[in-house]
Structures are given as C-alpha cells and as structure tokens.
Amino acid sequence: MASDAGGADGSGDGSGTTGASAAGGVGAPLSAPVTITWEVTLGCNLHCDHCLSGSGPGMQRPEELTTEEAMEFIAELDEMDVFQVNIGGGEPFVRPDMLDLLEELTDRDISTCVSTNGTQLDETTLDRIEAMDPLFLQVSMDGLRAENDAIRGEGVYDQVVDALERLEDRDIGTTVNTVVTRQNVADLTEIYDLAEAHGAGLRLNRFRPSGRGEDAWDEFRLEEDQIRFLHEWLDGKGDVRTGDSFFYLNALGEVRNNTLKQCGAGSMTCLVDPVGDVYPCAFTQWEHLASGNVKTDGFQAAWDEIASLRSRIDDHEGCPAVAMGSSDPNGEDPQLRAILSGD
Amino acid sequence: MADAVSKPRHIKFRREANGGLVYDHENYGYEDASMYAVSDTVIDVLEFVDGDRSRAEVEAEFSPAVVDSLVAKGVLTDGE
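Predicted model only: the values in this text are computed from it and were never measured. (Residues numbered from 1 in each chain as written. Chains lettered and ligands numbered in written order. Predicted model: local features only at pLDDT ≥ 70, side-chain atom pairs only at ≥ 80, totals over all residues.)

S.K.: Just checking my understanding: could you explain the overall build of chain A for this structure?
M.R.: For chain A, the count of helices and strands is eleven helices and ten strands. The long-range fraction of contacts in chain A, counting pairs at least 24 apart against all pairs at least 6 apart in sequence, stands at 66%. (Helix = DSSP H or I, 4+ residues; strand = E, 2+ residues; numbered from the N terminus. Contact = placed C-beta atoms within 7 Å.)

S.K.: Mind showing me how you'd approach the overall build of chain B here?
M.R.: In terms of regular secondary structure, chain B is built from three helices and six strands. Put simply, chain B runs from its N terminus to its C terminus through helices and strands in the order β-β-β-β-α-β-α-α-β. Out of the 80 residues in chain B, the part that is buried amounts to 46%. Partitioning the contacts of chain B with sequence separation of at least 6, the portion at a separation of at least 24 is 49%. (Buried ≥ 20, exposed ≤ 12 C-beta atoms within 10 Å, placed from the backbone.)

S.K.: Can you help me understand the sheet that holds strand β6 (residues 77–78) of chain B in this one?
M.R.: By way of backbone hydrogen bonds, the strands of a sheet pair with one another, either parallel or antiparallel. All names here are of chain B. The strand order across the open sheet built from three strands is β5-β1-β6, with neighbouring strands paired in antiparallel fashion. Edge strands, defined here as strands with exactly one partner in the open sheet, are β5 (52–54) and β6. Strand direction decides the pairing type here: strand β1 (residues 4–6) and β6, joined by two bridges, are antiparallel. What sits directly across from S6, in β6, is T77. (Pairing = 2+ DSSP bridges.)

S.K.: Explanation requested: helix α1 (residues 40–49) of chain B in the structure shown.
M.R.: An α-helical turn contains 3.6 residues, so a residue and the one three or four places further along point in the same direction. Residue and element names in this part refer to chain B. Looking at α1, one finds that the buried residues are V42, V45, L46 and V49. Angularly, the buried residues of α1 cover 95 degrees about the axis, an arc narrow enough to put them on a single face. Residues of α1 that are exposed and point over 90 degrees away from its buried face: E47 and F48. Just beyond α1, the residue with positive phi is D50, at close to 50 degrees. (Arc of directions from axis to C-beta.)

S.K.: Explain the packing of helix α1 (residues 67–79) of chain A against helix α2 (residues 98–107) of chain A to me, please; I cannot follow it from the model alone.
M.R.: All names here are of chain A. As a packed pair, α1 and α2 sit with axes 10 Å apart at the nearest point and diverge in direction by 15 degrees. In terms of orientation, α1 lies roughly parallel with respect to α2. For the pair α1 and α2, the sense of crossing is right-handed. Along its contact with α1, which presents T67, A70, M71 and I74, the element α2 presents D100, L101, E104 and L105. Within the contact of α1 with α2, the residues separate by chemical class into five nonpolar, one polar and two charged. (Axes fitted to C-alpha atoms, helices over the stretch in contact; angles between N-to-C directions. Parallel < 35°, antiparallel > 145°, perpendicular 65-115°, else oblique. Left-handed = near helix turned anticlockwise from the far one by under 90°. Nonpolar A, V, L, I, M, F, W, Y, C, P; charged D, E, K, R; others polar.)

S.K.: What's the story with the nonpolar core in this structure? I'm lost.
M.R.: What tends to happen in soluble globular proteins is that the nonpolar side chains get buried as a cluster. By size, the foremost hydrophobic cluster in this structure holds 94 residues, and its most contacted members are V85 and C270 of chain A together with L21, V22 and Y23 of chain B. Among all residues touching Y23 of chain B, those that are not within four sequence positions of it are V34 and F83 of chain A together with K12, F13, A33 and M35 of chain B. (Core = buried A, V, L, I, M, F, W, Y, C linked by C-beta atoms within 7 Å.)

S.K.: Would you mind going over the pairing of strand β5 (residues 135–140) of chain A with me for this structure?
M.R.: Here is the key point about a regular strand: its side chains alternate between the two faces of the sheet. All names here are of chain A. Burial of β5 is extensive: six of the six residues sit out of reach of the surface. Every second residue of β5 is oriented toward a common face, with L135, L137 and V139 on one face and F136, Q138 and S140 on the other, all of them buried. Pairing of strand β4 (residues 111–116) with β5 involves five bridges; the strand directions are parallel. If you follow V114 over to β5, its bridge partner there is L137. With helix α3 (residues 123–130) bridging β4 and the parallel β5, this β-α-β connection has right-handed handedness. By the bridge criterion, five bridges tie β5 to strand β6 (residues 173–180) in an arrangement that is parallel. Within β6, the residue paired with S140 across the bridge is N177. (Right-handed = clockwise from strand over helix to strand, strands pointing away.)

S.K.: Please clarify how the pairing of strand β7 (residues 201–206) of chain A should be interpreted in this entry.
M.R.: Residue and element names in this part refer to chain A. Among the six residues of β7, six are classified as buried, and the element is accordingly described as predominantly covered. Residues G201, R203 and N205 point to one face of β7 and L202, L204 and R206 to the other, with burial holding for every one of them. Where β6 and β7 come together, six bridges link them in parallel fashion. Paired with T175 across the strands is G201, a residue of β7. As for the winding sense of the linkage, the β-α-β connection from β6 through helix α6 (residues 188–197) to β7 is right-handed. Bridging between β7 and strand β8 (residues 241–242) involves two bridges; their strand directions are parallel. Each residue of the ladder has a partner; that of L204, found in β8, is T242.

S.K.: Just to check I follow, could you spell out the confidence of the model for chain A for this structure?
M.R.: The predicted coordinates ought not to be read in detail in places where the model reports low pLDDT. All names here are of chain A. In this model, chain A carries a mean pLDDT of 81, and residues with pLDDT of at least 70 account for 76%. The model gives residues 245–261 a pLDDT under 50, and that stretch makes 49 contacts with residues more than four places away or in other chains. A low-confidence stretch, residues 336–343 stays under pLDDT 50, and its non-local contacts, those more than four residues away or across chains, total 14 contacts. (pLDDT = per-residue confidence, 0-100.)

S.K.: Would you explain the sheet that holds strand β10 (residues 278–279) of chain A in this entry?
M.R.: The sheet built from nine strands is open, its strands ordered β8-β7-β6-β5-β4-β3-β2-β9-β10 (chain A) with mixed pairing. Edge strands, defined here as strands with exactly one partner in the open sheet, are β8 and β10 of chain A.

S.K.: Help me out: how do you make sense of the environment of A307 of chain A in this one?
M.R.: Relative to the helices and strands, A307 of chain A resides in helix α9 (residues 299–310). A sequence separation of 39 residues divides A307 of chain A from M268 of chain A, and the C-alpha atoms of the two residues are 9.6 Å apart.

S.K.: Which parts of the structure should I look at to understand the confidence of the model for chain B?
M.R.: Of the residues in chain B, 89% have a pLDDT of 70 or more, and the chain-wide mean is 88. Here the complex is predicted with pTM 0.85, and the ipTM for its interfaces comes to 0.88.

S.K.: Explain unusual backbone geometry here, please?
M.R.: What is expected of a backbone is that most residues other than glycine have negative phi and most peptide bonds are trans. Residues and elements named next belong to chain A. G89 connects to G90 through a cis peptide bond whose omega is 15 degrees. Of note, G90 is situated in the loop between β3 (84–88) and α2. A cis amide bond, omega 5 degrees, links D133 with the succeeding residue P134. Mapped onto the elements of the fold, P134 is located in the loop between α3 and β5.

This is the structure in structure tokens:
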C-alpha cells in the first residue's frame, strides 16, 4: 500500500520515512484507520440499478445515527486521529443535518470527501460547502446521457451536468466518479473530456456485485476485452484517479503507480454503515465480517476487533469483495484473474 | 533560506506503537494519497513544529539534515 517514492531508512538524515505496507502500515495493527467510509443513510432520491448499498427512496432505516450520535462519532474519529472520512450513502444530502455534520468534520480538520449523486446541490448547499475546508465532492456519472440515465434514472445526466457547471466557478475540489460498466467503458474518453471541461477530475470505480449490483452483475460487469481496453486506456491517462486494488495493477499485472491502491480493508480503512455497524469495507458488509457498532461498542473497540477479522480476508488475488461476491468457488477475483492469466 | 518551517495542511500525522504515520492527501480517497511509515523522530519533529516554527529552533532541537530532508520530502515547507 502506500507509498510513494519517498526516502528510505538508512539515508542517514534521521528522518526515517518509508512506504507503509497494506497489511498493517507500520508492521502492527494500526491504532486507528487511516480513512473510513461512512454511509450516513440508506435513503436516496434515486434508485440506481447497480447501487452498492441497495439504497433508494424511503429506504432510511429507523435506527440510523441521530444527529447527536453522529456528532459523538465524529468526536471519537477526531480523538482517534482518523485522517480522512469518505461520506457516502444512500445520498448523503437527503439527511437534513448533513451540512452540520460536514462542518463538524471539517472544523476538526478531518479531510472530508462526499460522494453524491449531484441532484441535491442547490446554491445554498454549495455556499455552505464552499466555506468548508478540507472538503472534496465526488459527483456520480455512470456514462453519457443514455447510459447514465438507463442506470440512474431519466433526466439525471442533465442534472449532474448542471451541477458541474455551477461547481465550475466555485472553490470546491470536484471529481466525476464513474463506475465502469459494460455499457459505458467505450465512452470513457468523452466522460474524461466532459469532466475536464468543467474543471473536474475523473475517478473510476470498479463495478462490484454488492447491493443491487449483485443482481445486475452479469449485465454490467466488463467482458475480458473491455477489461484489457480499460487498462490500456488508463495507461494513457495518468491523471485519472482510480479507487481500488484492481487498478493498482496495469494490464500486465505490473504496479501502475505508487498511490495507495492495495486493499486496505480492515487494516487501513473500514466502513461504518448508517446504523453504526462496522465492516472491513463498503463491499464486504456481511454478517460474518461485522465487528461492532459505534453506538453500542464505540468505534475504537470496533476497530480493534476488526484487526482479527483481517486475517479472514485474502486480497492476494485481487479485490476480495468481487472474489467473495462472485460464484467462483475458489474465491479468486475473476476480473483480475482474466487480466493476469488471460483466462 | 527561509526563517521558518511549517507543516502543510494536507500533511497529517500520528504516532503509532512503532514510529508513526504521515499522510499526504490532496485528492479524494486514501487510494489517491501517499502515506509513509515514519520514525519516532519524524513525529517528534512534527509535534515540535506544531504548525510552524523557527527553522533555527527546529534545527537546534534535531539537526539541519533532518529539517532539510523533511522539507525535500514535502512533509515540511519553508515558511516566512
């Protein structure tokens, strides 16, 4: 994991910096995660076909964290020195207290990234977001108009483009986030150009068989020639950000760059779901991998427990969520296997 | 040479059981960040700097080589 070129031990300057490792950073379980993903609600105004959390209108759970509980959780994150919180859902901005929670996070200087569908970003909301620092927005777009709206709903593409246009002149770091599917992979260059034209970066995420994505797995997952195309395309787009261990490797199975892309589930990061249950990552929300609840156990206790679960996750063959969610009895990651062996 | 050194806002750090971590984050997501396992000395320096501090004081407490190294790596920046 980690690591950038940085210096090496033994340089004689005493500064002693080395890249951290995926399975423990400094050789022992970390005292706290480096970053967490916090799904703040299962409610959403959209009902996307591939939603990893299976969220949608009216899907809020009654036991989701209250504002007071969420504030206490944020205080514990600060106390534990968690560097970064990635906010997801559901759609975070359907929570009436979302902006208050974001202000609490950023006031504590916790790097905060918000994944949103882009349809709730009115000017009042953007005014408050722009005043927060450090805060980044990630706006979902899963293709050009036809492909995006087929997955995310009629008219959503135009709403997202409108949001990007209004974000263009604001001092808010913005990234377009695209889940790469069989239907949109050929349009990546146009999506990249669109994002760039609005001053936004592009970040690609892998489609996983999680939530409603499990039902849509065979419809949306990339075919082998598309996987190869994607990796070749990525090789020519060094500024495209990617979001998981799959993209850490190029089409030849070589390390693509030096950013934090190896799987850190349960060792460097974890997921907190809307009711406060803690899992290794957003894509491994399975009962046998649960490790406590931030309300009843406290986050520190849940994190300490998750280190023992880490040994049950094997990321050696690629993304364990894809491997465990697939029907492959050997638990291998079928997409990564295709890349590495040409199966 | 600048009179002060400071810790950039996108640099975060914390002490661990063995040494510590420095997190360099300017983009979305931990996948886009860089992180270093660092020695206790680096954490000591960052705690001593506490935002920003006279370069001479930091060099006197540690060494000019340590300060130069951390500035070269972007963990510290030259201030006013």
